[in-house]
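Per-entry structural report
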Amino acid sequence: MPTSSLPSKVRSFGVKSVNTNKKLNNLCSVQKILNLSSQGHLKQAFHHLNILTRKGIRLDSKTLASLIQQCANSKSYREGKWIHFHLKTTGWKHPTTFLANHLINMYGKCGRHIEARNVFDKMTTRNLYSWNNMLSGYAKSGMVKAAKRLFDKMPEKDVVSWNTMVIAYAQVGYFNEALKFYREFRRLGIGFNDYSFAGVITACVKSRDFSLTGQVHSQVLVAGFLSNVVLSSSIVDAYAKCGKMSDARRLFDAMRVKDVLAWTTLVSGYSRCGDMVSARELFEAMPEKNPVSWTTLIAGYSHSGMSLQALELFSKMMKLQVQPDQFTFSSCLSACADIASLKHGKQVHAFLVNAGLRPNAIVMSSLIDMYSKCGNLEVAKRVFDTMGNKHDAVFWNTMLSALAQHGMGEEAIEQFFRMVKFGVKPNRITFVVLLNACSHSGLVQEGLSFFEMMTSNYNVPPDEEHYACIIDLLGRAGRFSEVLAQIKKMPCEPDDRIWNAVLGVCRIHGNVELGRMAAELLIELDPQSPAAYLLLSSIYGALGMWENVEKVRQLMNERHVRKEQAVSWLEIEQKLRPSFGCSQSNTLEKDTLSILQLLADKTEEDNLLHDSESFIHGGLDARGSNL
């Protein structure tokens, strides 16, 4: 039956049904787009968005804002840019303030401050949220000057505006400016919230100012925000960075609620101070551990020279199937490098490959360093050569250091010029490594040229470490008059690194007078450091001045200065074991001596056998002389 012959009520009902179905289909399509975007499937979501656009259906502001927010959360610049283009082509050439604010936020989180500013400048109506959004984008990009210019133009400022500026200055290391803003906005009495303390605590952590940390701690307590776990953990971290572990522990113990971050922060503090016993005890007491907790303790062991413990903990971590991160592998590779264990280094490398992680610059540099220190320079070179992106100076510095360690000064210089040709700008570490390479290879003129070049060509001012390198370079060549001239040229007072370098070269050349002067200055700077006493004693010993050697030892005894115990690592029955040079009473030392004796006896037997065979067959020994 034709539609026209149906009663009007029936025809009307049919049209409404079609429209209703159409609306339901559209709503389902919109919901599908939102579901896909919230699950991170932005490309599929945009595919469905294109279908709706072709049908002439335009999404409402709320839905579009939700899509832009998903792009911001996942920092998907490409997809966010596409939505912005979609707005322009569907009648939103000048988005509403609501949508423009979301676009500014999205571009800011993606680090695209120019696009964010373009949206901001084209807005017909701005609210406080617009200004704060733009301000936050500049702050997160570290663009404090641009943030300050915008802040000064703001017609209205609230707590968020001031908090943003304090945090921005603190994060880039401008602590005085951060404190100035903090004091000013507290003086204005416009109120404060949890985030008001975030910037100033960041300044405490980075500046390691104990007095400031105590003041901020008091203010957080009085304001009633000490129950905030993040703030309390940050103050614990600030105390730990100041080396005040008793204060850090007291605050930690007073915290009613402690999350894994709070526990890990204190473990990190103890590790940084070298108190690995307390760090391990706290780690074992943790009610919950995450990969960061494990990595923190592994890194602590590695940095404290307890490499075997670091590797044992890593092994336990793997058995418990805790997923390591890049920093875990970097710390373990450093531990392998410290004990020159190629076998363990290869195992860690294999774990890294099996984990499917794409190594970052630090891990790749640690691999190069490990293979180099384990004596396998060729593999270190291969690791360097296989890296795709070599635009990070860290890679080149590590490779230069590897060549320097192997006494390949000329090759290190060639590598430096390849680095420059590649377009990588040398930094202060580059020249420290390069000067060391020249020093250990006897390339005096080349080293002096680089010392001049670093300032004139690359605008890298020399610091104490560079001066220590140049003094070592000249001293090894016996050019002591130039050594003294360089010390006089220094823009600051020589520190222990300078006098250690002077003392080291005096020992090589037997320069007693200059060596004595350097040792006295070193002892004055750090009376409890054994290095100066031992080097001075070594100079006297090399010259046969045994009475003076005895006097130095007596002085060490009087001042209770103890020589650090030397340790070597031996692999016995596929296990790494420490061998201590000063103690022969322990079982391991006796085992080691027994093994060495067996090797010596075996060598003697082989020599006797070889000699007897030589006698039988020709009457000549291995040196060609008659028996």
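Residues numbered from 1 in each chain as written. Predicted model: local features only at pLDDT ≥ 70, side-chain atom pairs only at ≥ 80, totals over all residues. Heavy atoms only, no water.

- An unreviewed UniProt entry annotates the chain as Pentatricopeptide repeat-containing protein At2g21090 of Nicotiana tabacum.

1. Things to note about the overall build of the chain
- Along its length, the chain carries 33 helices and two strands.
- Sorting the 627 residues of the chain into buried and exposed places 42% on the buried side.
- Taking all contacts inside the chain whose residues are at least 6 apart in sequence as the whole, residues at least 24 apart take part in 56%.
- With the model as given, the accessible surface of the chain reaches about 34000 Å², and the carbon-plus-sulfur share is 53%. (Helix = DSSP H or I, 4+ residues; strand = E, 2+ residues; numbered from the N terminus. Buried < 20%, exposed > 50% of the residue type's maximum accessible area, 1.4 Å probe, protein only. Contact = heavy atoms within 4.5 Å. Areas by Shrake-Rupley, 256 points an atom, 1.4 Å probe, with all protein chains shown as cover.)

2. A few points about the nonpolar core
- Counting 171 residues, the largest nonpolar core has Ile201 and Val502 as its most contacted members.
- For isoleucine 201, the residues in contact, after removing those within four places along its chain, are Val216, Val220, Leu231, Ser234 and Ile235. (Core = buried A, V, L, I, M, F, W, Y, C linked by side-chain atoms within 4.5 Å.)

3. Comments concerning the packing of aromatic side chains
- Under the counting rule described, the total for this entry stands at 27 aromatic pairs.
- Centre to centre, the rings of phenylalanine 314 and phenylalanine 351 are 5.5 Å apart; their planes meet at 85°, and the pair counts as edge-to-face. Of this pair, phenylalanine 314 sits in helix α18 (residues 307-319) while phenylalanine 351 sits in helix α20 (residues 342-355), placing them 37 residues apart in sequence.
- Pairwise contacts between aromatic rings join Phe151, Trp162, Tyr169, Tyr174, Phe181, Tyr182, Phe185, Phe192, Phe197 and Phe225 into one cluster.
- Here the guanidinium or amino end of arginine 112 rests over the ring plane of tyrosine 77, the centre of that ring lying 3.9 Å away. (Phe/Tyr/Trp six-rings, centres within 6.5 Å; stacked < 30°, edge-to-face > 60°. Lys NZ or Arg CZ within 6 Å of the ring centre and 35° of its normal.)

4. Focus: the UniProt feature "repeat: PPR" (unreviewed entry) in the chain
- When the UniProt feature table is mapped onto this chain, "repeat: PPR" (unreviewed entry) is found at residues 127-161, 228-258, 259-289, 290-324, 360-390, 392-426 and 427-461.
- Helix and strand shares over residues 127-161 are 74% and 0% respectively, and the end C-alpha atoms of the span are 13 Å apart.
- Along residues 427-461, the helical share is 74% and the strand share 0%, with 10 Å between the first and last C-alpha atoms. (UniProt positions renumbered as here; feature names shortened; annotations may be inferred.)

5. Looking at the pattern of salt bridges
- Following the criterion strictly, the structure yields 17 salt bridges and no others.
- A salt bridge links aspartate 247 to arginine 250; the shortest N-O distance between them is 2.9 Å. Here the residue aspartate 247 and the residue arginine 250 both occupy positions in helix α14 (residues 245-254), the gap between them amounting to three residues, near one helical turn.
- Exposure remark for arginine 250: the relative accessible area of 52% places this residue in the exposed category. (Salt bridge = Lys/Arg side-chain N within 4 Å of Asp/Glu carboxyl O.)

6. Observations concerning the environment of leucine 403
- Examined against the element boundaries, leucine 403 turns out to sit in helix α23 (residues 393-405).
- We classify leucine 403 as buried; its relative accessible area is 2%.
- As a C-alpha pair, leucine 403 and leucine 434 span 31 residues in sequence and 9.6 Å in three-dimensional space.
- Those residues in contact with leucine 403 that lie beyond four places of it in its chain are Leu377, Lys381, Met408, Glu411, Ala412 and Gln415.

7. Some thoughts on a positive patch on the surface
- Taken together, the side chains of Lys81, Lys88, Lys93, Arg112 and Lys122 make up a positively charged region of the molecular surface.
- Structurally, the position occupied by lysine 88 is in helix α4 (residues 77-89).
- On the basis of relative accessible area, lysine 88 is assigned to the partly exposed category, the value being 44%. (Patch = residues over 30% accessible without salt bridge, like charges linked within 9 Å, V, L, I, M, F, W, Y side chains within 5 Å. Lys, Arg positive; Asp, Glu negative; His and termini not counted. Charge placed at Lys NZ, Arg CZ, Asp CG, Glu CD.)

8. A look at helix α30 (residues 512-525)
- With 14 residues, α30 extends 20 Å from end C-alpha to end C-alpha; this agrees with the ideal 20 Å at 1.5 Å per step.
- Along α30, the residues that are buried comprise Val512, Leu514, Gly515, Ala518, Ala519, Leu522 and Ile523. All buried residues of α30 fall inside an arc of 165° around its axis, so they share one side. Across from the buried face of α30, at angles greater than 90 degrees, the exposed residues are Glu513 and Glu524.
- With a side-chain oxygen lying 3.2 Å from the backbone nitrogen of leucine 514, the N-terminal cap of α30 falls on asparagine 511. (Expected span 1.5 Å × (residues − 1). Arc of directions from axis to C-beta. Polar contact = N/O pair within 3.5 Å; in protein donor to acceptor, adjacent residues only side chain to side chain.)

9. Focus: empty space enclosed by the protein
- Tallied over the entire structure, the rule returns one cavity of 30 Å³ or more.
- Counted as a void, the largest cavity has a volume near 50 Å³.
- In terms of lining, the largest cavity is formed by Ile104, Asn105, Gly108, Lys109, Asn133, Ser136, Gly137 and Lys140.
- For the lining of the largest cavity, the secondary-structure elements that each account for two or more residues are α5 (97-109) and α7 (128-140). (1 Å grid on protein atoms, 1.4 Å probe; cavity = no way out; pocket = protein on both sides within 12 Å on 5 of 7 lines; lining within 4 Å. Points joined across faces, edges and corners; volume = space filled by probe spheres on them.)

10. As for the environment of cysteine 273
- Examined against the element boundaries, cysteine 273 turns out to sit in the loop between α15 (260-272) and α16 (276-285).
- Taking the C-alpha atoms as reference points, cysteine 273 and methionine 245, separated by 28 residues in sequence, lie 8.3 Å from one another.
- With residues near it in sequence (within four places) discarded, cysteine 273 still touches Ala240, Gly243 and Met245.

11. Concerning unusual backbone geometry
- One non-glycine residue, arginine 208, lies in positive phi territory at about 55°.
- Looking at the element boundaries, arginine 208 is found in the loop between α11 (198-207) and α12 (210-223).
- Of note, the phi angle at alanine 340 is positive, near 50°, even though the residue is not glycine.
- Following the sequence through the fold, alanine 340 ends up in the loop between α19 (326-338) and α20.

12. Details of the confidence of the model for the chain
- For the chain, per-residue confidence averages 82 on the pLDDT scale, and residues scoring 70 or more make up 80% of the total.
- Scored below 50 in pLDDT, residues 1-19 makes four contacts in the model with residues more than four places away or belonging to other chains.
- Segment residues 602-627: pLDDT under 50, and 13 contacts once partners within four positions in sequence are set aside and those in other chains are kept. (pLDDT = per-residue confidence, 0-100.)

13. Notes on helix α32 (residues 546-558)
- Between the first and last C-alpha of α32 there are 18 Å, a value that for 13 residues agrees with the 18 Å anticipated at 1.5 Å per step.
- Among all positions in α32, only Asn548, Val549, Val552 and Met556 are buried. Take α32 and look down its axis: the buried residues cluster within an arc of 110°, on one side only. Of the residues in α32, the exposed ones pointing more than 90 degrees away from the buried face are Trp546, Glu547, Lys551 and Glu558.
- Contacts made by the buried residues of α32 are with α31 (530-542).

14. Considering the packing of helix α6 (residues 113-122) against α7
- Axis separation between α6 and α7 bottoms out at 10 Å; the angle between their running directions is 165°. The orientation of α6 relative to α7 falls into the category roughly antiparallel. α6 and α7 meet at a crossing whose hand is left-handed. Contacts from His113, Ala116, Arg117 and Phe120 in α6 reach Ser130, Trp131, Met134 and Tyr138 in α7.
- Split by residue class, the contact of α6 with α7 holds five nonpolar, two polar and one charged. (Axes fitted to C-alpha atoms, helices over the stretch in contact; angles between N-to-C directions. Parallel < 35°, antiparallel > 145°, perpendicular 65-115°, else oblique. Left-handed = near helix turned anticlockwise from the far one by under 90°. Nonpolar A, V, L, I, M, F, W, Y, C, P; charged D, E, K, R; others polar.)

15. Points about the environment of histidine 440
- Here histidine 440 lies in helix α25 (residues 428-440).
- As for histidine 440 and alanine 404, which are separated by 36 residues in sequence, their C-alpha atoms are 7.4 Å apart.

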